[in-house]
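Descriptive structure summary
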Amino acid sequence: MKFLIGLIVVIWPVAGFLYFKMGFAPVATADGTMPFEGWAARTSLHVRLNREMPRSVPIQPSLENYTAGAKIYKDHCSGCHGFKGQEQQPEVKGNVSQAAAPIQG
Ligand code: HEC
């Protein structure tokens with residue numbers, strides 16, 4: 001059992017080192033994402049958001065506030081994030097880092 005654990009502890013760092021050293025990592029703009037890249041970025045982002053987000057919401061849920069928020073989104077965010085059910089904007093498509101889909105729900 002110790003041998004198996006030792007083997008795993010050694011194999012993972014060596015495999016990771018060889019993955020980068022032998023040029024398997026996707027570095028060109030046309031390449032796909034690295035394995036686990038999306039998971040790592042999303043997980044880190046959500047942990048950070050959960051840690052730093054305010055615990056009380058200073059804005060009341062009212063029609064005026066929702067309408068004002070929708071206008072801000074339309075004017076300042078939709079250029080990249082688009083609208084629900086709409087395809088991503090052409091200028092965002094093909095970028096290395098694509099804008100997230102619009103908030104669903
Ligand atoms: C110039 C383009 C652009 C504009 C304008 C823009 N964003 Fe983004 N946004 C991005 C990109 C690119 C990402 C990263 C997406 C990814 O990596 O998944 C992102 C990510 C986000 C995320 C994180 C999404 C996630 O799934 O974790 C949120 C939330 C967000 N934007 C909100 C906004 C809001 C709110 C506005 C307007 C006030 C806005 N964005 C305007 C390009 C833009």
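One numbering rule holds for all chains: residues counted from 1, following each sequence as written. For this predicted model, a pLDDT threshold of at least 70 governs which residues receive local features, and a threshold of 80 or more governs which side-chain atom pairs are given and counted, while totals over whole chains, interfaces and linings are taken from all residues.

**Digging into the overall build of the chain**
A run of H or I in DSSP becomes a helix once it reaches four residues, and a run of E becomes a strand once it reaches two; helices and strands are each numbered from the N terminus. Secondary structure assignment for the chain yields 4 helices and 0 strands. Traced from its N-terminal end to its C-terminal end, the chain shows the element sequence α-α-α-α. Buried residues in the chain amount to 0% of all 105 residues. Once C-beta atoms are placed from the backbone, each residue is buried if 20 or more other C-beta atoms lie within 10 Å of its own, exposed if 12 or fewer, and partly exposed for counts between those two.

**Digging into unusual backbone geometry**
Unusually for a residue other than glycine, Phe-36 sits at a positive phi of about 70°. Topologically, Phe-36 is positioned in the loop between helix H1 (2–21) and helix H2 (37–52).

**Structural notes on helix H3 (residues 63–76)**
With 14 residues, H3 should reach 20 Å at 1.5 Å per residue; the first-to-last C-alpha distance of 20 Å fits that figure. Within H3, only 0 of the 14 residues are buried, which leaves it mostly out in the open. Here the expected span of a helix is defined as 1.5 Å times the quantity of residues minus one.

**So, the confidence of the model for the chain**
When the pLDDT values of the chain are averaged, the result is 85; 83% of them are 70 or greater. Summarising per-element confidence for the chain, the mean pLDDT is lowest in helix H4 (residues 78–81) (87) and highest in H3 (96). A score between 0 and 100, pLDDT records how confident the predictor is in each residue.

**With respect to H1**
Under the 1.5 Å per step criterion, the end-to-end length of H1 is 29 Å for 20 residues, consistent within 8% with the ideal 28 Å. Summarising burial for H1: 0 of the 20 residues are buried, a small minority. Trailing H1 by a residue or two, Gly-23 shows a phi angle of about 80°, which is positive.

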